[in-house]
Amino acid sequence: MLQTPESRGLPLPQAEGEKDGGHDGETPAPTASQERPTEEPGAGREEGAAEPALTRKGARALAAKALARRRAYRRLNRTVAELVQFLLVKDKKKSPITRSEMVKYVIGDLKALFPDIVARAAEHLRYVFGYELKLFDRKHHTYILINKLKPLEEEEEEDLGGDGPRLGLLMMILGLIYMKGNSAREAQVWEMLRRLGVHPSKNHFLFGYPKRLIMEDFVQQRYLSYRRVPHTNPLEYEFSWGPRSNLEISKMKVLGFVAKLHKKEPQHWPVQYREALADEADRARAKARAEASMRARVGARPGIHFW
């Protein structure tokens, strides 16, 4: 559901074999084979063997570059997740958080990427944990967290104990399921949590044990359905929207939530958008039928009238 942060701006180590081969206009030094006046027996085989060696060297250089990019990508993701955790812990004291603290304890030598890292952390804080990161004092570069996540429906927050962060986590999972074609493998859900710095089986100070929260609360309360995937060996399980989510949370609201995370409009995903529009129309018709039925029942009672 989330696009993982890109690693733009991170310095990549230069792979072996990428350095310039010399200055323009210089004549390359003759090789040993060019100096020999006559070709010795077997020389053709040696020269022929050199070409695959050069090809292997180029492949190794490309592999080294790809590995460097992956490492930079993973490091940026890890730094964003660590900064989110750091900010949440610091907010418990309700004291402003300084830029220097973030650099010293989390960002380190990635200081040049501070704006990008903070922006990505702010997105995770807002849409997953229900907090908005605000610049509190521009002169002294201090920040504060504000609880800003509003419930999509009042009854949703009440059912989840008025807990904005739990609602944000549920919305993330529902969004992943919706974007995956209305079902998501269990492994995909756990991987999404790890990318957010939330380990399914480790205690989290906001969620407790996330896997237990999902399996015992979200599934038991019928926000999520959990079932075995047929014909899989080894066994695999998947999540889908539960009946309670289908009743209480519209697909258009979830698609809007996903669109905010990706900084796009809901129409960016035409298949899901058409499905969400159809869902909105079905909900409108169901609501109209329910209201008409209520009017008919109440109107039949003596002494009660509608204006």
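Cut-off values and rules
Throughout this description, residue numbers start from 1 for each chain and increase along the sequence as written. Restriction of local features to residues with pLDDT of at least 70 applies here, the model being predicted, together with a cutoff of 80 or more for giving and counting side-chain atom pairs; totals for whole chains, interfaces and linings are based on all residues. To get the side-chain values, all heavy atoms of the structure are used, and hydrogens and water are removed first. Each helix is a run of H or I in the DSSP string that is no shorter than four residues. Each strand is a run of E no shorter than two, and both are numbered from the N terminus. Buried, partly exposed and exposed residues are distinguished by accessible area as a fraction of the type maximum, computed with a 1.4 Å probe on protein chains only: under 20%, between the cut-offs, and over 50%, respectively. The contact criterion used is simple: two residues touch if any of their non-hydrogen atoms lie within 4.5 Å. Note that accessible areas follow from Shrake-Rupley with a 1.4 Å probe, and for residues the cover is restricted to the protein chains shown. In this analysis, axes come from line fits to C-alpha atoms, helices being fitted only over the stretch in contact, and the angle between any two N-to-C directions falls in the range 0 to 180 degrees. Oblique is the label for any angle not covered by the other classes, which are roughly parallel (under 35 degrees), roughly antiparallel (over 145) and roughly perpendicular (65 to 115). Each residue is assigned to one class: nonpolar for Ala, Val, Leu, Ile, Met, Phe, Trp, Tyr, Cys and Pro, charged for Asp, Glu, Lys and Arg, and polar for all the others, Gly among them. What the arc covers is the set of directions going from the helix axis to the C-beta atoms. Two strands pair under a simple rule: DSSP has to find at least two bridges between them. Within this analysis, patches are made of residues with over 30% relative accessible area and no salt bridge. Like charges are joined at 9 Å or less; nonpolar side chains (Val, Leu, Ile, Met, Phe, Trp, Tyr) at 5 Å or less. Throughout this description, the term salt bridge denotes a Lys or Arg side-chain nitrogen within 4 Å of a carboxyl oxygen of Asp or Glu. For the charge count, each Lys or Arg is scored as positive and each Asp or Glu as negative, with His and the chain ends excluded. Lysine's charge is taken at NZ, arginine's at CZ, aspartate's at CG and glutamate's at CD. Take the buried residues of types Ala, Val, Leu, Ile, Met, Phe, Trp, Tyr and Cys, join any two whose side-chain atoms come within 4.5 Å, and each joined set is a nonpolar core. The start and end points of each domain follow an automatic or database-based domain assignment. Side-chain rings of Phe, Tyr and Trp, where Trp is taken by its six-membered ring, are said to pair if the distance between their centres is within 6.5 Å; with planes under 30 degrees apart they count as stacked, over 60 as edge-to-face, and otherwise as tilted.

In the annotation of an unreviewed UniProt entry, the protein is listed under the name Melanoma-associated antigen F1 and assigned to Sapajus apella.

Looking only at helices and strands, the protein features 11 helices and 6 strands. Counting all 307 residues of the protein, 37% fall into the buried class. Expressed as a percentage of contacts within the protein between residues at least 6 apart in sequence, the contacts between residues at least 24 apart total 58%. Entry remark: accessible area of the protein is about 19300 Å², with carbon and sulfur atoms responsible for 51%.

It is worth spelling out unusual backbone geometry at this point. Of all residues except glycine, most have a negative phi; of all peptide bonds, most are trans. The peptide bond linking Asn233 to Pro234 adopts the cis configuration, its omega dihedral lying at 5 degrees. Tracing the backbone through its elements, the reader meets Pro234 in the loop between strand S5 (224-228) and strand S6 (237-241). Although it is not a glycine, Arg222 sits at a positive phi angle of roughly 70 degrees. Counting through the fold element by element, Arg222 comes out in the loop between helix H8 (210-218) and S5.

Tracing the sequence through the fold places Leu170 in helix H6 (residues 164-179). Look at Leu170 and you get buried, because its relative accessible area is 0%. Considered as a pair, Leu170 and Leu224 are 54 residues apart in the sequence and their alpha carbons are 8.9 Å apart.

Turning our attention to the packing of helix H3 (residues 99-107) against helix H4 (residues 114-129). The geometry of H3 relative to H4 is characterised by a closest axis approach of 12 Å and an angle of 90 degrees between their N-to-C directions. It follows from the interaxial angle that H3 and H4 lie roughly perpendicular. Along its contact with H3, which presents Arg99, Met102, Val103 and Ile107, the element H4 presents Phe114, Ile117 and Val118. Its residues placed into classes, the contact of H3 with H4 shows 6 nonpolar, no polar and 1 charged.

Within H8, the full set of buried residues consists of Pro210, Leu213, Ile214 and Phe218. The arc that holds the buried residues of H8, viewed along the axis, is 95 degrees, so those residues lie on one side.

One open sheet holds the 3 strands; their spatial order is S4-S6-S5, and the pairing between them is antiparallel. Of all the strands in the sheet, the pair left with one neighbour each is strand S4 (184-185) and S5.

With that out of the way, let us pick up a positive patch on the surface. Together, Arg69, Arg70, Arg71, Arg74 and Arg78 make up a positively charged patch on the protein surface. Here Arg71 is to be found in helix H2 (residues 43-91).

Of all hydrophobic cores here, the largest spans 63 residues; its most connected members are Leu83, Leu87, Met102, Phe129, Ile173 and Leu224. With 11 residues, H6 is the single largest residue contributor to this core. Looking at which domains feed residues into this core, each of domain 1 (59-147) and domain 2 (163-296) supplies at least three. Those residues in contact with Phe129 that sit more than four places away from it in its chain are Val84, Gln85, Leu88, His124, Pro165, Val198, His204, Leu206 and Phe207.

On to the packing of aromatic side chains, then. Ring pairs (aromatic) are described by centroid distance and by the angle formed between their planes. Here the structure, examined in full by the defined rule, presents 5 aromatic pairs. Centre to centre, the rings of Tyr178 and Trp241 are 6.3 Å apart; their planes meet at 55 degrees, and the pair counts as tilted. Of this pair, Tyr178 sits in helix H6 while Trp241 sits in strand S6, and the two are 63 residues apart along the sequence. According to the relative accessible area criterion, Tyr178 is buried, its value standing at 1%. Given a relative accessible area of 9%, Trp241 falls into the buried group.

So, on to the pairing of S6. Extensive coverage of S6 is indicated by the burial of 4 of its 5 residues. Bridge analysis of S4 against S6 gives 2 bridges, and the strand direction is antiparallel. Paired with Arg185 across the bridge in S6 is Glu238. Pairing analysis gives 5 bridges linking S5 to S6, with the strands arranged antiparallel. If you follow Ser225 over to S6, its bridge partner there is Ser240.

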